[in-house]
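Descriptive structure summary
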Amino acid sequence: MADEVGIALALLAGDSPLRESCQYIVANPGKRFRASALESAAGYGDRPDDPLVGRAAVAVEMFHAATLAHDDVVDDGKIRRGMPTIGAYAGNLAASLVGGWLFARAGELIAEIDAEAVSRFAEAASVVCEGEMIESRDLHDVDRSRARYLVSIEAKTARLIAFSTWLGAKVGGASKEVTERLERFGEAVGMAFQITDDILDLTASAESTGKTPGSDLRGGVYTLPTIYALAIDPVLREGLLQDPDEEDLPELVERIRATGAIDAALAEGAAWIEQALEALPLSDPPCEHEQQLLSLARLVEARVEEARP
Amino acid sequence: MTTAVAAPREEAEIAVVGAGPAGCVAAANLAELGHDVLLIDKDSFPREKPCGDGLGHAAVAVAERLGLDELVESAPEIASARVMIGHRRQSAIHFPRIPGRPLPRCITRKEFDAALLGAAQERGARFLRARVDSLRSAGRGQTLIGTTDAGAVAVRARLVVAADGATSRLRRVIRKGADKPTAYAIRRYFRTERPLDEVMQIDVPLEIDGRVLAGYGWVFPVGEHLANIGVGITREAHRPVPSLRRLLEAYVADLEVKGGRRFGSLEPIADPMGSPVGIQAQIQVAESPGLALLGDAAGTTHPVTGEGISFAMRGGESLAAEIHARSRRGGPLRLGRAAGAAVWRSFPQIGVDVSIIVRALMLKANGMSAPADSLRSSGEPFLSAAWRVTPQSAYETAVEETPVCGALAEHDPSLATALGRVNDLLLERLSDSTPFVTEVIHDLIRAHMGPVYAAVALASGASAGPPPSTAYDAGVAVETVAVMPKLLTMLVDRARTKQLKINNAMAILTGDFAATRSLVAAAKLGPAAVAALSRTCQGGCEGGMRDAVARFATDRSAASWHQAACETEGAGMILATEFGALIRGEDLAAAEPLRAFGQELGIAVRLAEEIVELTVGDELRPGREGAALGRGIYSLPVLYALEAEPSLARTLVRHAAEPDGAAEIIAVVRDSGALRRAVAECTQRAEAARSCAEAWGGRGAEPLAAVALLPAQYVNSRLPVDALEVC
């Protein structure tokens, strides 16, 4: 997988001013979660080895990389996956343009498939962008509701994973019913993925992430555990309204933990995993691609466990 | 029931209730289109109306379209507004004099409304003086029950347009429960001792007896010695509405002290008049399909400036067009949400949250504490930035007034109409997002010559029949994709202030929004269109980066500039011709003969924008020429000057440290002959594009050739006569 993304990036003209920044993405590949989900979903069809499957996998990873590049500009993030972000070493404008370029390159690859893939991609991309907008409008809002949180993560995270499994199944030639089930699977796994990611921000140690636990709180991103805790603990509300500093974070995280909100959020993450497993089309005996999707779900499940304080 | 049967009956195809600007414009347009219209108002005309009497350029344009030139010309043109901020800071807003766009005027509503009613009657609308009490829907018609001097009257109509003001009776009829007005205004005429300047004065916020109120005061010149002075305030939920009359007295007393030198003494010449103002968070839509709300009844007054007439009149035109289009298709005349959509397009969808923000900002500007919660919940940075960045709302600016639309109209009016539809579609597609996005993207699109890319797509896509619906999607796609890298460069990495993070977030989100919308639009034209669009977007990002790394580089070569221009504007224009081929039903390769056209025109467009920005300033923000120099953006004229005058490099470096030296640099660009060289290149490229369009010889070749010449014409029309004179 990583190789194919590398190849695609190498298509850049030799003198492209974005070349250097794109190389950086090749060097720092991440989990390739979406590409794996897409390729596994393709296994449910009769042409799992269609060359378009590989191209589509590259496309969704590129699109994901674009959203990360832009995310880091929005949050002014300096470190991702243990390395400096593009913005940190090449400037925010470079990071923005690299993101734009990756997004467009993904569109070009998807256009090789067909009209339906193109319009579903356009729709998914709009939804992801709107999800980011919803989130940025909710920043620092102590009254952010669970519903608004769910809308935002559905749009910014789950939609792209659902699109990946849908696209894999479609390009691989799966039946309509299986394609729909795989899309639902992707959606549910995506929800669980983001919920646990958000819990990890509060619970994971600084050694494993390179960030102080609770850094979302400083940025005004109030996620599921915080939303639950805010309903219980009025002191937390006051603490957040006072624009906490780095040193206030441990106390705020402790307050959230004390309300039991983290357990409640973990349970919600686990429930999404349940839903994902229910949606997963089964074969008897289990085949390889099913195992792969199961292991993706288990990967998220393991993160749920990891997030448990 | 028996009373209705006994009452005398009137019949009309369309009944318009309320003969203010909204109702009269709708009635006049409908009557002109051949509809049977009955215009109903409770007053006989002429009559007094509480209002500031200020007519924005859009209102003046609609009045001129209705043939009221004589009345319009009798009032002085208003070239600027003076905004006094808490008597401490003053800022002048110049209304740009753009060909085809009139300047604002001040005309009393007494005269203006009577003339509008006359225009409606001239076109065949009938007038009935009656107070409307209720509305009944029965079968395919509507029955209005009202009272005239002679007693009860029943009016049967297929469709009712409610243009009966902020306290609309009809709106209350269809929606139980009274919605309280959210704003109030009062005005009084005064004779001034000294002659008035042709300037609209606005005092903001309203400070009365040491209290700061959410509102503003105005002094508008209706005649040489006749001022319309008034105050408007927004109702605050937790406070009672103060006495408007008292507020006005206090404001006038204050003016006599602080504006004494300007006005001399102020002598009231009639009683004050006050009324509620129609400001709503959302456009009001009638649930009943046989009823359409318009003007203040629909809540279309601008929540910040309080201007209502422009939007009311523009809404009247749109609604009339919508009704006419539907009636031609036959069937029952039911509008439902379509009525709202038609009116809405003429409304500044800035939304009521901006008024919350502006109120909060006013408080802040005066050192008062702003309610932190309302700021937060309304997303302050985005909205206040929209206010900063876009001096004029996207919904206020008609695409018909842009130079590119004029060029199309000259050769093929149907293309100009199609461009108008692209603009509508653009507003529609962008509007479901934050107002900031709509406003900023539109601001960029219309900043210079207007939507040139869409015009090229439409003209090169012209074929014998009417344009297919994909033509409009093509227009939206090429405009939004061209804007994306511009947005990023404009907003990201600006001055390193505390707001940096906010700027970045806005830039990215707006850029992404533009990109995803262009993708959605291109997807309607099929995979080939998406592939082409994606390649253009990649090129745009690369060109943007090429420009970015060359910032503050005094040794940048002209070749590097040209390469970036090819990658961005050139590629964008080529894409427009490719989409033209798709609109014609051909494939991308069919656009090959227009490749050179796209390339030359794209470069010429960029060069024209740079020349104007450097010498005159952006026309939406006049007086800030050369602002890009301070950000290290060296345009082609500057690069040419560096070639001719290497010592300019030192000045540029100095200018980077202190941003006041633009004038000195501009003088070198002129005196070294670099400006002349850039203008000549712009003209030459425009000419090359024109020949290419003519050689192509497709159906849209003529309008395309006219568009090709725009950059040169634009530079010539904007550049001061002596700009090329070398000292």
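Overview of the structure. (Residues numbered from 1 in each chain as written. Chains lettered and ligands numbered in written order. Predicted model: local features only at pLDDT ≥ 70, side-chain atom pairs only at ≥ 80, totals over all residues. Heavy atoms only, no water.)

Remarks on the side chain of A:Thr226
All names here are of chain A. As for its placement among the helices and strands, Thr 226 is situated in helix α12 (residues 224-232). You can call Thr 226 buried: its relative accessible area is 1%. Here Thr 226 is in contact with Leu 202, Leu 217, Leu 236, Leu 240 and Ile 256, once residues within four sequence places are set aside. (Helix = DSSP H or I, 4+ residues; strand = E, 2+ residues; numbered from the N terminus. Buried < 20%, exposed > 50% of the residue type's maximum accessible area, 1.4 Å probe, protein only. Contact = heavy atoms within 4.5 Å.)

Side note on the nonpolar core
In terms of nonpolar packing, the biggest core is built from 159 residues, with A:Leu167, B:Phe579 and B:Phe597 touching the most fellow members. If we ignore the near neighbours within four places in the chain, the residues touching A:Leu167 are A:Leu38, A:Ala56, A:Val60, A:Ile110, A:Ile113 and A:Ala117. Counting residues in each nonpolar core, the second largest holds 53 residues, with A:Phe193, A:Tyr222, A:Leu224 and A:Ala297 among its members. (Core = buried A, V, L, I, M, F, W, Y, C linked by side-chain atoms within 4.5 Å.)

Concerning the packing of helix α4 (residues 51-75) of chain A against helix α6 (residues 92-110) of chain A
All names here are of chain A. Packing of α4 against α6 leaves a shortest axis separation of 8 Å and a crossing angle of 160 degrees. Taken as axis vectors, α4 and α6 run roughly antiparallel relative to one another. Crossing of α4 against α6: the hand is left-handed. Contacts from Arg 55, Val 58, Ala 59, Met 62, Phe 63, Ala 65, Ala 66, Ala 69, His 70 and Val 73 in α4 reach Asn 92, Ala 95, Ser 96, Gly 99, Gly 100, Trp 101, Leu 102, Phe 103, Arg 105, Ala 106, Leu 109 and Ile 110 in α6. Its residues placed into classes, the contact of α4 with α6 shows 15 nonpolar, five polar and two charged. (Axes fitted to C-alpha atoms, helices over the stretch in contact; angles between N-to-C directions. Parallel < 35°, antiparallel > 145°, perpendicular 65-115°, else oblique. Left-handed = near helix turned anticlockwise from the far one by under 90°. Nonpolar A, V, L, I, M, F, W, Y, C, P; charged D, E, K, R; others polar.)

A word on the pattern of salt bridges
Per the counting criterion, the structure on display carries 49 salt bridges over all chains. Between A:Arg32 and A:Glu61 there is a salt bridge, with the nearest N and O atoms lying 3.6 Å from each other. Taken as a pair, A:Arg32 in the loop between α2 (19-27) and α3 (33-42) and A:Glu61 in helix α4 lie far apart in primary sequence, 29 residues in all. A salt bridge links B:Asp133 to B:Arg169; the nearest nitrogen and oxygen atoms lie 3.7 Å apart. A residue pair is termed long-range when its members are at least 10 positions apart, and B:Asp133 in strand β8 (residues 131-138) and B:Arg169 in helix α6 (residues 169-174) qualify at 36 residues. Overlapping salt bridges bring together B:Lys42, B:Asp43, B:Arg47, B:Arg109 and B:Asp113 as one network. (Salt bridge = Lys/Arg side-chain N within 4 Å of Asp/Glu carboxyl O.)

A word on the packing of aromatic side chains
All told, the structure shown has nine aromatic pairs over all chains when counted by the stated rule. Lying across the ring of B:Tyr640, B:Arg677 places its NZ or CZ 3.5 Å from the centre. (Phe/Tyr/Trp six-rings, centres within 6.5 Å; stacked < 30°, edge-to-face > 60°. Lys NZ or Arg CZ within 6 Å of the ring centre and 35° of its normal.)

Topic: the interface of chain B and chain A
With 40 residues of chain B at the contact, the number on the chain A side is 42 residues. In this assembly, chain B packs against chain A so that about 3,600 Å² is buried in total across both faces, 70% of it on carbon and sulfur atoms. Inspection of the chain B/chain A interface yields two salt bridges. Measuring nitrogen to oxygen at the nearest pair gives 3.3 Å for the salt bridge that ties A:Glu108 to B:Arg535. At the junction of chain B and chain A, the tally comes to eight residue pairs in polar contact (both at pLDDT 80 or more). If you list the elements that add at least two residues to the side of chain B that touches chain A, you get α16 (435-446), α18 (470-491), α19 (500-523) and α20 (527-549) of chain B. Per-class residue counts for the side of chain B that touches chain A are 21 nonpolar, nine polar and ten charged. (Buried area = accessible area lost by both parts, 1.4 Å probe. Polar contact = N/O pair within 3.5 Å; in protein donor to acceptor, adjacent residues only side chain to side chain.)

Quick word on the environment of B:Val37
Residues and elements named next belong to chain B. If you trace the backbone, Val 37 turns up in strand β2 (residues 37-41). Residue classification places Val 37 among the buried positions, given a relative accessible area of 0%. Separated by 122 residues in the primary sequence, Val 37 and Leu 159 have C-alpha atoms spaced 9.9 Å apart. If we ignore the near neighbours within four places in the chain, the residues touching Val 37 are Ile 14, Val 16, Ala 27, Leu 30, Ala 31, Ala 125 and Arg 126.

Concerning the pairing of strand β15 (residues 215-221) of chain B
Residues and elements named next belong to chain B. Burial analysis of β15 places seven of its seven residues in the buried class, which makes it a mostly covered element. Judged by which residues are buried, β15 turns out to be covered on both faces: Gly 215, Gly 217, Val 219 and Pro 221 on one side and Tyr 216, Trp 218 and Phe 220 on the other are all buried. Note that strand β12 (residues 199-204) and β15 share three bridges and pair antiparallel. Its bridge partner lying in β15, Gln 201 is registered against Val 219. In this structure, β15 lies alongside strand β16 (residues 226-234), joined through seven bridges in antiparallel fashion. Each residue of the ladder has a partner; that of Gly 215, found in β16, is Ile 233. Between β15 and β16, which pair antiparallel one after the other, the connecting turn spans four residues. (Pairing = 2+ DSSP bridges.)

Everything listed is a geometric property; what it means functionally is a separate question.
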